[in-house]
Amino acid sequence: MTELGIGIGWRPEIADAVEELPVDWVEVVAENVCVGHLPDSLTRLRARGVTVVPHGVSLGLGGADRPDPERLAALASKAEALGAPLVTEHIAFVRAGGPLTATPRLEAGHLLPVPRTRDALDVLCENVRIAQESLPVPLALENIAALFSWPGEELSEGRFLAELVERTGVRLLIDVANLHTNHCNRGEDPARALAELPVEAIAYVHVAGGVERDGVWHDTHAHPVPAPVLDILADLAGRVAPPGVLLERDDHFPAATELAAELAAIRATVTTARRTAPRAPAPFGAAPPGPDAGGRLAARHGVGAAVLRSGRALAGGDPLHIGAGARVSGGPMPASHPAPPAATAAHGTPVPVPVPSGPVTVPSPSGPVAVLARPETASATDAPPRAVPEVGDGTRQRLGVGQAALLSALVAGTPVPEGFDVRRIRVQSRALAAKRASVVARIAPDLPRILGAGFRPAFLAYARRRPMPGSYRRDALDFVEGLLLDGRPEHRELTRWWRERAESRPPGIAERLARAGRRVFGGR
């Protein structure tokens with residue numbers, strides 16, 4: 001395993017500061033890097049021998065479809081251009097629908113959780129092996145944060161990750177901030193997750209900040225790292241020496257001195273944990289810790305989980321903030337594909353979902369490469385990865401149906417699938433719309449200037465009736481088109497903005513009337 005050391009997520013907004021910080025390596029959002037046109041800051045860092053790792057957000061390996069060859073090729077080319085020792089992605093889905101389910105393809109614009117079921121694990125393992133065969137360097141996958149859980153889940157997060165490593169040999173990027181988030185919002189025990197997963201497979205660790213509001217932990221990547229997250233980092237470092245630890249900051253960037261202080265706290269946490277709590281990792285497959293395990297962690301985490309489980313935190317309030325705010329690009333967002341909610345019997349055991357025999361309907365809206373050999377064995381064992389059998393279309397379709405139905409509820413306003421917590425899904429839906437508004441405001445700053453205080457409510461109203469298209473750039477153009485159709489008083493400035501960016505003329509009066517008529521009579 002490559003020793004990385006202490007690093008920070010490179011973002012354009014803090015590029016100058018990063019060059020001055022005491023870091024051993026940096027991570028960049030792969031989709032925001034163009035091969036042949038690397039930012040000068042990254043070029044200077046590489047010339048100094050600083051390792052650069054591309055962190056992807058667009059493969060959607062947790063989705064029902066097989067990985068897109070073009071996306072894999074793009075990620076591979078960036079790994080080569082950066083001379084990266086590995087690449088990283090997420091265990092998530094971000095889009096659903098399409099030919100597999102015979103439904104419109106929908107975009108989430110965000111990383112959504114994969115159901116921890118055998119079907120989803122089978123699909124994920126096959127997708128990971130496809131990706132591994134296409135990439136020139138090893139792949140590591142990150143656990144994500146989530147507000148809601150899938151019904152009928154069969155595995156804990158730790159066991160899900162352990163089986164993924166055992167079957168594919170993939171490495172892990174463990175985000176301790178996400179473990180904290182899932183504790184607060186879903187009542188999951190971070191100590192148990194660490195005890196169950198193969199810590200020897202960890203490639204590196206993410207650390208990030210957030211904020212608690214109304215009983216919900218907001219994984220913002222825009223606030224200082226809290227003590228509970230450092231506690232989880234200490235617990236992990238006490239089990240295994242992590243090859244690398246990276247600070248993520250995606251918004252509300254502080255002064256360089258504050259970033260340096262956070263990096264120093266991370267380094268001190270790891271050093272102290274390794275010195276004061278050296279112990280061997282729990283045996284692979286060992287029973288999870290009892291209720292007193294990780295007691296210090298539980299005490300530091302406690303408030304939000306009980307509040308959220310009772311539902312009191314989900315009525316109204318500010319929308320949920322979502323982390324990874326800088327992880328966007330002008331191109332298509334990450335792919336992902338769904339798993340159907342598993343039916344459950346009265347006693348709570350999952351009931352097999354039959355493979356659909358015909359078309360399925362879902363509610364639909366109208367440089368050189370650094371040395372690090374590809375892993376041939378699972379990190380937690382000397383035996384080769386278990387063979388991954390080919391996943392049949394029935395399994396993928398079952399997963400796809402569930403993910404499409406869920407995503408349709410999140411972005412298109414269709415009914416929430418049975419078994420999900422309706423209030424949490426509604427909170428997640430508002431959060432996705434809010435994230436769309438924030439990203440569009442960032443990539444098209446003229447729009448908030450033109451519309452002033454009216455930008456956000458106008459965009460949220462648009463988002464409620466229009467699912468996200470294939471990219472945030474397209475989203476901004478569609479939003480402005482809708483404003484032009486509505487005859488906004490800022491029509492002249494909006495028309496000028498459109499003409500400077502679109503490949504066609506803005507809709508004229510006749511087209512506006514025609515489209516308005518189609519909306520009235522149920523079309524688009």
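Residues numbered from 1 in each chain as written. Predicted model: local features only at pLDDT ≥ 70, side-chain atom pairs only at ≥ 80, totals over all residues. Heavy atoms only, no water.

**Student:** What is the right way to read the overall build of the chain from this model?
**Tutor:** Within the chain, the secondary structure is distributed over 18 helices and 14 strands. Expressed as a percentage of its 524 residues, the buried residues of the chain come to 57%. Accessible surface, the chain as shown: approximately 20,700 Å² in total, 55% of it carbon and sulfur. (Helix = DSSP H or I, 4+ residues; strand = E, 2+ residues; numbered from the N terminus. Buried < 20%, exposed > 50% of the residue type's maximum accessible area, 1.4 Å probe, protein only. Areas by Shrake-Rupley, 256 points an atom, 1.4 Å probe, with all protein chains shown as cover.)

**Student:** Sorry if this is basic, but what is going on with the environment of glutamate 70 here?
**Tutor:** Within the secondary structure, glutamate 70 sits in helix H3 (residues 69–82). Overall, glutamate 70 belongs to the exposed group, its relative accessible area being 64%. In sequence terms glutamate 70 and leucine 59 are eleven residues apart; their C-alpha atoms lie 9.8 Å from each other.

**Student:** Even after reading the chapter, I still don't get the packing of helix H15 (residues 455–465) against helix H16 (residues 472–485), so can you show me in this structure?
**Tutor:** Working note: a packed helix pair is described by the angle between its axes plus the distance between those axes. Running from N to C, H15 and H16 point in directions that differ by 100°, and their axes come no closer than 10 Å. In terms of orientation, H15 lies roughly perpendicular with respect to H16. For the pair H15 and H16, contact is made by Phe455, Ala458, Phe459 and Tyr462 and by Asp475, Asp478, Phe479 and Leu483, respectively. Here the residues of the contact of H15 with H16 sort into six nonpolar, no polar and two charged. (Axes fitted to C-alpha atoms, helices over the stretch in contact; angles between N-to-C directions. Parallel < 35°, antiparallel > 145°, perpendicular 65-115°, else oblique. Contact = heavy atoms within 4.5 Å. Nonpolar A, V, L, I, M, F, W, Y, C, P; charged D, E, K, R; others polar.)

**Student:** Quick question: what am I supposed to make of the packing of helix H8 (residues 227–239) against helix H9 (residues 256–276) here?
**Tutor:** Packing of H8 against H9 leaves a shortest axis separation of 8 Å and a crossing angle of 40°. Classified by the angle between their axes, H8 and H9 sit oblique to one another. Where H8 crosses over H9, the handedness of that crossing is right-handed. Contact residues: Leu230, Leu233, Ala234, Ala237, Gly238 and Arg239 in H8; Ala265, Ile266, Thr269, Val270, Ala273 and Arg274 in H9. (Left-handed = near helix turned anticlockwise from the far one by under 90°.)

**Student:** I keep staring at the environment of alanine 108 and nothing clicks. Help me out?
**Tutor:** Relative to the helices and strands, alanine 108 resides in strand E6 (residues 103–112). Distance from alanine 108 to arginine 95, taken between C-alpha atoms, is 5.6 Å for residues 13 residues apart in sequence.

**Student:** Sorry, what's going on with the pattern of salt bridges here?
**Tutor:** Between side chains of opposite charge, pairing is possible as soon as their charged atoms come close. Evaluation of the coordinates by the stated rule reveals 26 salt bridges. Here aspartate 486 ties to arginine 465 by a salt bridge, and the two come within 3.8 Å at their closest N and O atoms. Of the two residues, aspartate 486 is situated in the loop between H16 and helix H17 (491–501) and arginine 465 in helix H15; the sequence distance between them amounts to 21 residues. Under the relative-accessibility criterion, arginine 465 is labelled partly exposed at 41%. Among the charged side chains, a network of salt bridges with common partners joins Asp446, Arg449, Glu493, Glu500 and Arg501. (Salt bridge = Lys/Arg side-chain N within 4 Å of Asp/Glu carboxyl O.)

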